[in-house]
Amino acid sequence: MPPEPPSNAMDRLDDDDYPAYTMGRAAEMIGATPGFLRAIGEARLITPLRSEGGHRRYSRYQLRIAARARELVDGGTPVEAACRIVILEDQLEEALRLNEELRGGADR
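These numbers come from a predicted model, not from an experiment. (Residues numbered from 1 in each chain as written. Predicted model: local features only at pLDDT ≥ 70, side-chain atom pairs only at ≥ 80, totals over all residues. Heavy atoms only, no water.)

Peer 1: Before we move on, can you summarise the nonpolar core with the specific residues and values?
Peer 2: One broad trend across soluble globular proteins is that nonpolar side chains are buried collectively. Ranked by internal contacts, the top residues of the largest apolar core, which has 19 residues, are L37, I40, L45, I46 and Y58. Broken down by secondary-structure element, the contributors of at least two residues to this core are α2 (23–30), α3 (34–42), α4 (60–74) and α5 (79–107). With five residues, α4 is the largest single contributor of residues to this core. Apart from the residues within four sequence positions on either side, Y58 is in contact with Y18, P19, A20, Y21, T22, M23, A26, L37, I46, P48 and L63. (Core = buried A, V, L, I, M, F, W, Y, C linked by side-chain atoms within 4.5 Å. Buried < 20%, exposed > 50% of the residue type's maximum accessible area, 1.4 Å probe, protein only. Helix = DSSP H or I, 4+ residues; strand = E, 2+ residues; numbered from the N terminus. Contact = heavy atoms within 4.5 Å.)

Below is the structure:
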């Protein structure tokens, strides 16, 4: 398979959803263990993509979600509860964004 053109490779660097990080690197970046990433995956907070070899790969967006869950767990919240809180925070943020979008459209 020929290498991809440089423009596509550069686009991936800016893509928050591109699964660029291995489990070890992802854990290191958020100051957690691979076991923590597996636990929040089992709780369905994030679902890492898999490389052709079956290894987990994480995106920057997933790492932000995982880092927020880690903050809650470090503060004493159980993993399952932390995952639920992060999901609800994400849903609230999206609802507020949509609400603002709709309000902006009504003002025009």
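Anyway, onward from the coordinates.
Peer 1: If you had to explain the environment of I46 to someone new, which residues and values would you point to?
Peer 2: Turning to its location among the elements, I46 is positioned in the loop between α3 and β2 (49–50). For the pair I46 and L63, spaced 17 residues apart in the sequence, the C-alpha separation amounts to 9.0 Å. For I46, the contacting residues outside a window of four places in its chain are I40, G41, Y58, Q62, I65 and A66.

Peer 1: Break down α2 for me, citing the residues and quoting the values.
Peer 2: Of all the positions in α2, only M23, A26, A27 and I30 are classed as buried. Angularly, the buried residues of α2 cover 100° about the axis, an arc narrow enough to put them on a single face. Looking at the packing, one finds that the buried side of α2 touches β1 (21–22), α3, β3 (56–58) and α4. Directly after α2, the chain includes G31, whose backbone phi takes a positive value near 70°. (Arc of directions from axis to C-beta.)

Peer 1: Tell me about the pattern of salt bridges, and please be specific about residues and values.
Peer 2: Across all of its chains, the model carries eight salt bridges by this definition. Notably, a salt bridge pairs E28 with R25, separated by 2.7 Å at the nearest N-O pair. Taken together, the residues E28 and R25, both in helix α2 and three residues apart, mark about one turn of the helix. Under the relative-accessibility criterion, R25 is labelled partly exposed at 39%. Overlapping salt bridges, with partners in common, bring together D16, R60 and R64 in one network. (Salt bridge = Lys/Arg side-chain N within 4 Å of Asp/Glu carboxyl O.)

Peer 1: Give a detailed account of the sheet that holds β3, specifying residues and quantitative values.
Peer 2: Strand pairing in a sheet relies on backbone hydrogen bonds, with the paired strands running either antiparallel or parallel. In space, the three strands of this open sheet follow the order β1-β3-β2, with antiparallel pairing throughout. The open sheet has two edge strands, β1 and β2, and neither has a second partner. Helix-sheet contacts for α4 involve β1 and β3, and the interaxial angle to β3 is about 85°. (Pairing = 2+ DSSP bridges. Axes fitted to C-alpha atoms, helices over the stretch in contact; angles between N-to-C directions.)

Peer 1: Lay out α3 in plain terms, naming residues and giving numbers.
Peer 2: Among the residues of α3, F36, L37 and I40 are the ones counted as buried. Considered in projection along α3, the buried side chains sweep an arc of 100° and stay on one side of the axis. Following α3 by one or two positions, R44 has its phi on the positive side, about 65°.

Peer 1: Give me the lowdown on the packing of α3 against α4, citing residues and values where you can.
Peer 2: Contact geometry for α3 and α4: axes closest at 11 Å, N-to-C directions at 100°. Relative to α4, α3 is oriented roughly perpendicular. Contact with α3, carried on its side by F36, L37 and I40, involves A66, A69, R70 and V73 of α4 and no other residues of that element. Classifying every residue of the contact of α3 with α4 gives six nonpolar, no polar and one charged. (Parallel < 35°, antiparallel > 145°, perpendicular 65-115°, else oblique. Nonpolar A, V, L, I, M, F, W, Y, C, P; charged D, E, K, R; others polar.)

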